Amino acid sequence: MRLHRGILSAAVALLAAPNIAAEAQEPINAYSQLDRAQSLARSVPFQNPPEATISASGLVDLRVREVVQDFNGVQLRHRSYNGGLVGPTIRIRPGATLGVHLHNELPLEAGAAHPSVNLPHGFNDTNLHTHGLHVSPRSPADDVYRVVEPRESYRFEFPLAADHPAGTCWYHAHKHGSTAFQLAGGMAGALVVEGGLDEIPQIRAAEEKILVLQQFVLKDVGGTYEIDHAALYGQALPTHTTINGVATPTIVMRPGEVQRWRVIHAGTAEAIFLYSEGLEFHEIAVDGLATGRKELKASLHLYPGQRSDVLVKAPATKGPQLAYSIIRDPEKSIRGQTTEQTNVLRILVEGDPLPMPLPDDAALLAAAAFKPADVPTDSQVRHKKRHLRFRDSATEFLIDGKPFDPNCPAHRIDLNTAEEWELVSLAGTHPFHIHVNPFAVKPAAAGEPWLWRDTVVLERNKPVVIRMSFKNFAGLTVLHCHNLIHEDMGMMQAVEIVDRSTPAPTGPALAVSASHAAASTGLVVPAGLPLPAVAGAPIAASAPSASTAPPWRATDVRGRSVSSDAFRGKLSLLVLHRGLTCMHCAEQLTTLKKQIGILRAAGVQPVAVSAGLPEAPSDLAQLEQFPFPVLADADLKCFRDYGCLDAQGLPLHGIFLIDEGNNVLLARRTETAVADPTSLVLNVLKSGDKGE
Ligand SMILES: [Cu+2]
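Residues numbered from 1 in each chain as written. Predicted model: local features only at pLDDT ≥ 70, side-chain atom pairs only at ≥ 80, totals over all residues. Heavy atoms only, no water.

Asks: Is there a simple way to explain the sheet that holds strand β11 (residues 224-227) in this structure?
Replies: By definition, the strands of a sheet pair up through backbone hydrogen bonds, in either a parallel or an antiparallel sense. Taken together, six strands build an open sheet; the order of strands is β6-β4-β1-β2-β11-β10 and the sheet is mixed. Taken across any chain shown, the strands that pair with only one partner, and hence form the sheet edges, are β6 (153-159) and β10 (218-221). Taking each pair of neighbouring strands and ignoring which way they run, the sheet shows an average axis angle of 30°. (Pairing = 2+ DSSP bridges. Helix = DSSP H or I, 4+ residues; strand = E, 2+ residues; numbered from the N terminus. Axes fitted to C-alpha atoms, helices over the stretch in contact; angles between N-to-C directions.)

Here it is, written out as structure tokens:
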């Protein structure tokens, strides 16, 4: 990979000096003055983004170029799709195949390899993500691992199923390390799947407006403005909030008129909570998924990545109206701060009255993207639960205590299964997004409908429960924070959806990290090679302080409960680990398997318990290879009782040797899995040493 000179050092300096983030917020006042001045002086008519030209063969050309052009009264140098301040709108119908020929016309970057995958880098490399499309995560479709380098072209193909939901999706660059930077220059556009709601007469009669909300953070470089990457990655307030590249454009409506707005938050800097006292917002779809109803909203709360389709009704009286964003609660802000009023849009109500009706509820219900029966049931997800914890600090952006490791899927999920996930932020406010499949968000109160979406905000210490079905498409994909600044700096996980009904596809194989330690130093060992042993450094022991082993209970892959009772009066080795998706844990269990003869000769019966429930029933064959029970602790009670949770509640690795009298002979808790537990156990048995 190449280094964009200066950018990385700026980013490193930024990470090393958290106070820069505070300095970077200075444009707030300048912005407010600029915006007010512009609002008074300018009246720029609203314009939809340009429509993409689609060839007879269904192909759209997207050219990634750096251009200099007028941007709200200043000259702006920025990376663009086809030279625009916003990408062209692409339209497709279910059952059709969209082809996108992406041409990276950016110049080659000079420089050496970057030191970390989780620092901003590779600003001239790009790729393409179709946010909201239910398509394959494999090339040539929605493969965000693909990199289109400068002077390369790549032809993406997105075949849509005939029953693909219609709605407002969008497309944008998603090259890890430069995603936020490229979006911040305008590399995003609307992707409309036609049909569904569009067929309802009252909606068809409503004028369509596409509002791609953007947030630019600019700096003056000798009279020409550029994207201020240091301020951007320092989560500065935007200097400009725009719609389709224009600050506070004006939409004209007639009294009583209804328009259909497709609103897309394509920014990275902050949530946009859109208020307008004079207009009625009737929301009919979120994240491109028709809700099956119309909901009158006082404001549209949009986090980066989210969409809202609204029927907007103008008041009966003529005159100007304003739509503005304001965030009064810092817990709802992705910057953790309130923001003052930011004017986003002006609406001029004029002309003859045009009273228009809203669609009736029955028509909307019939067009819902999902029915209540589509939400996975309790029994479907009973043994399919995961807990994901998001946490940021000035320098770290982590999920489950780790930054993004492209080579090590954090989750392995069977195709055609459903799961329930509990998502929680331990620090910061993070919009969670997962590719390929949308999810249903559990309602706050029983009896309310589950809400389908693809991006949901996690406020600190407010767990969100989602259920999702992994349908139709296997492959390697990602989940991440859609604050793309966080994503570029590590708040992302690799997710592998596995189809066990067909052999794994050949092709460029995913490099498998030999261990977490090796991965963190950039050493990648191809799958199949022997893995180096990494000593698990002991960490401070906490509970259990007494030498009596706490009782434990866990479930096997068939969902049956297994408890410590089954091992009463035996010499057992309880191995607490993070699941077989962790390569290092898998290696530890494989070592135990190889040494089962030695352990049995010493009278030791191993039992492995993983945190959460990553193993699916279809892993049965794999799990039954192990000559000892491989169980899961969904609620982490066993981990807690054995002192195997860290201060953040994240599972540690643990080795506990428990004798016939239920005494703990060995307790070893480590950050990384102990590579050779058998030697430890034999030493304890030989010497009578306590491992603690
Ligand atoms: Cu985040």
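Additional details are given in the paragraphs that follow.
Asks: Please clarify how the nonpolar core should be interpreted in this entry.
Replies: Core analysis: the largest hydrophobic core is formed by 52 residues, its most contacted members being Phe390, Trp421, Leu423, Phe432, Ile466 and Leu479. Those residues in contact with Leu479 that sit more than four places away from it in its chain are Leu388, Phe390, Ile399, His411, Trp421, Phe432, His433, Ile434, Met492, Gln493 and Val495. Core analysis: the next-biggest nonpolar cluster, separate from the first, contains 27 residues, Leu128, Phe158, Tyr171 and Met187 among them. (Core = buried A, V, L, I, M, F, W, Y, C linked by side-chain atoms within 4.5 Å. Buried < 20%, exposed > 50% of the residue type's maximum accessible area, 1.4 Å probe, protein only. Contact = heavy atoms within 4.5 Å.)

Asks: Quick question: what am I supposed to make of the packing of aromatic side chains here?
Replies: The description of an aromatic ring pair rests on the distance of the ring centres and on the angle between the ring planes. On inspection of all chains with the given rule, the structure shows 17 aromatic pairs. Taking 4.2 Å as the distance between ring centres and 15° as the angle between the ring planes, the aromatic pair formed by Phe123 and Phe181 counts as stacked. Within this pair, whereas Phe123 is found in the loop between β4 (97-104) and β5 (129-131), its partner Phe181 is found in helix α4 (residues 179-184), the two being separated by 58 residues in sequence. A relative accessible area of 6% means that Phe181 is categorised as buried. Geometrically, the ring pair formed by Phe123 and Tyr233 is stacked, given 6.1 Å between the ring centres and 20° between the ring planes. Of this pair, Phe123 sits in the loop between β4 and β5 while Tyr233 sits in helix α6 (residues 229-233), and the two are 110 residues apart along the sequence. Every member of this aromatic cluster is reached through a ring pair, and the members are Phe390, Trp421, Phe432, Phe439 and Phe470. Here the guanidinium or amino end of Lys593 rests over the ring plane of Phe626, the centre of that ring lying 6.0 Å away. (Phe/Tyr/Trp six-rings, centres within 6.5 Å; stacked < 30°, edge-to-face > 60°. Lys NZ or Arg CZ within 6 Å of the ring centre and 35° of its normal.)

Asks: Explanation requested: the coordination of the copper ion in the structure shown.
Replies: Six octahedral donors at a metal ideally form angles of 90 or 180 degrees, and four tetrahedral donors ideally form angles of 109.5 degrees. Coordination of the copper ion by the protein involves His430 (ND1), Cys481 (SG) and His486 (ND1), with metal-donor separations of 2.0 to 2.1 Å. For the copper ion, the single-chain donor residues occur in sequence as H-x50-C-x4-H. Within this pair, whereas His430 is found in strand β27 (residues 430-434), its partner Cys481 is found in strand β32 (residues 475-481), the two being separated by 51 residues in sequence. Here His430 falls in the buried class, since its relative accessible area comes to 0%. Judged by relative accessible area, Cys481 falls into the buried class, the value being 0%. (Donors = N, O, S within 2.8 Å, 3.2 Å for Na, K, Ca; no water.)

Asks: Would you explain the sheet that holds strand β23 (residues 385-392) in this entry?
Replies: Taken in spatial order, the six strands make up an open sheet running β24-β23-β26-β31-β28-β29, and their pairing is mixed. Bordering the open sheet on either side are β24 (397-399) and β29 (451-453), each of which pairs with just one other strand. With direction set aside, neighbouring strand axes in the sheet form an average angle of 25°. Where strand β28 (residues 439-441) meets strand β31 (residues 464-470), two bridges bridge the pair, whose relative direction is antiparallel. Pairing of Val441 across the sheet is with Ile466, part of β31.

Asks: Looking at this structure, how should I read unusual backbone geometry?
Replies: If a residue is not glycine, its phi is most likely negative; likewise, a peptide bond is most likely trans. Note the cis peptide between Ser139 and Pro140, where omega equals 5°. Inspection of the secondary structure assignment puts Pro140 in the loop between β5 and β6. At Arg151, a position not held by glycine, the phi torsion is positive, near 70°. The topology assignment puts Arg151 in the loop between β5 and β6. Overall, the relative accessible area of 65% leaves Arg151 in the exposed class. Even without being a glycine, Asn662 presents a positive backbone phi close to 65°. Within the element layout of this structure, Asn662 appears in the loop between β39 (653-658) and β40 (664-670).

Asks: Could you clarify how one ought to interpret the environment of Asp405 in this entry?
Replies: Examined against the element boundaries, Asp405 turns out to sit in the loop between β24 and β25 (411-414). On the basis of relative accessibility, which here comes to 19%, the residue Asp405 falls in the buried class. Along the chain, Asp405 and Met491 lie 86 residues apart, while their C-alpha atoms are 9.9 Å from each other.

Asks: Got a minute to help me understand the pairing of β11 in this structure?
Replies: Looking along a regular strand, one sees side chains alternate from face to face of the sheet. In this structure, strand β2 (residues 74-81) lies alongside β11, joined through two bridges in parallel fashion. Across the sheet, the residue bridging to Arg77 is Glu226, located in β11. One ladder, built from four bridges, connects β10 with β11; its direction is antiparallel. Across the sheet, Lys219 pairs through a bridge with Glu226, a residue of β11.

Asks: Please explain helix α15 (residues 677-687) as it appears in this structure.
Replies: Side chains three or four residues apart in an α-helix point the same way, a direct result of the helix having 3.6 residues per turn. Of the residues making up α15, those classed as buried are Pro677, Thr678, Leu680, Val681 and Val684. Buried residues in α15, looked at end-on, bunch into an arc of 160°, giving them a common side. (Arc of directions from axis to C-beta.)

Nothing here speaks to function; it is all geometry.
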